[in-house]
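Chain by chain, the residues run as shown.
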Amino acid sequence: MSDHVRLIAPMLASPRCGAKIRSGGACRSPAVRGKKRCRMHGGAPGSGPPRGNRNARKHGLFTRDAIAERKQVQALLGEARKLLQEMK
Ligand SMILES: [Zn+2]
């Protein structure tokens, strides 16, 4: 085996991008480490969706308990203000 083949064999064996290109076939550029696509086809750092589905996040802000609690706090504040007005 020639030196050249020995030196570039790992490079040729690296995972390839499988994105469809305009002329039909696959891209075949080296895929970004840990991803299935090259840097041109969605493998760039910072690209892709956020972890998990944040649109489906359940925060409990509108549960019956949370609404009732806010209502109680508002009522208490109202009474405190009324009391302060009466004390003047
Ligand atoms: Zn690609």
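The rules we used
- Along each chain, residue indices are assigned from 1 in the same order as the chain's sequence is written.
- At least 70 in pLDDT is required for a residue's local features to be given in this predicted model, at least 80 for side-chain atom pairs to be given and counted, and no such filter applies to totals for whole chains, interfaces and linings, which use all residues.
- Only hydrogens and water are set aside; all other atoms, that is, all heavy atoms of the structure, feed into the side-chain values.
- Strands here mean DSSP runs of E at least two residues long; helices mean DSSP runs of H or I at least four residues long; both are numbered from the N terminus.
- Within these notes, the globule rule equals 2.2 Å times the number of residues to the 0.38 power, and the radius of gyration is based on C-alpha atoms.
- Throughout, exposure labels follow a simple rule: accessible area from a 1.4 Å probe, protein chains only, divided by the maximum for the residue type, with under 20% read as buried, over 50% as exposed, and the rest as partly exposed.
- Contacts are assigned to residue pairs that have any heavy atoms within 4.5 Å of one another.
- Computed with a 1.4 Å probe, the accessible areas rest on the Shrake-Rupley method; for each residue, only the protein chains presented here act as cover.
- Patch membership needs two things, relative accessible area over 30% and no salt bridge, and members are linked within 9 Å if like-charged or within 5 Å if nonpolar (Val, Leu, Ile, Met, Phe, Trp, Tyr).
- When a carboxyl oxygen of Asp or Glu is within 4 Å of a side-chain nitrogen of Lys or Arg, the pair counts as a salt bridge.
- For Na, K and Ca the donor cut-off is 3.2 Å; for every other metal, N, O and S atoms count as donors within 2.8 Å. Water does not enter the count, which can leave sites looking incomplete.

**Section: the overall build of the protein**
In step 1: Looking only at helices and strands, one finds two helices and zero strands in the protein.
In step 2: Here the protein has a C-alpha radius of gyration of 30 Å; the compact-globule value for 88 residues is 12 Å, and the former is much larger.
In step 3: With the C-alpha coordinates of the protein rotated into their principal frame, the extents come out at 95 × 30 × 20 Å.
In step 4: Across the 88 residues that make up the protein, the buried fraction comes to 8%.
In step 5: Across the protein, contacts joining residues at least 24 apart in sequence account for 2% of those joining residues at least 6 apart.
In step 6: When the accessible surface of the protein is split by element, carbon and sulfur atoms take 57% of a total near 8500 Å².

**A few points about a nonpolar patch on the surface**
In step 1: Where nonpolar side chains cluster on the molecular surface, the patch consists of Leu61, Phe62 and Ile67 and spans about 320 Å² of accessible area.
In step 2: Within the secondary structure, Leu61 is located in the loop between α1 (3-13) and α2 (64-87).
In step 3: For Leu61, a relative accessible area of 47% translates into the label partly exposed.

**Notes on the coordination of the zinc ion**
In step 1: The protein atoms donating to the zinc ion are Cys17 (SG), Cys27 (SG), Cys38 (SG) and His41 (ND1), with metal-donor distances spanning 2.0 to 2.4 Å.
In step 2: Using a relative accessible area of 3% as the deciding quantity, one classes Cys38 as buried.

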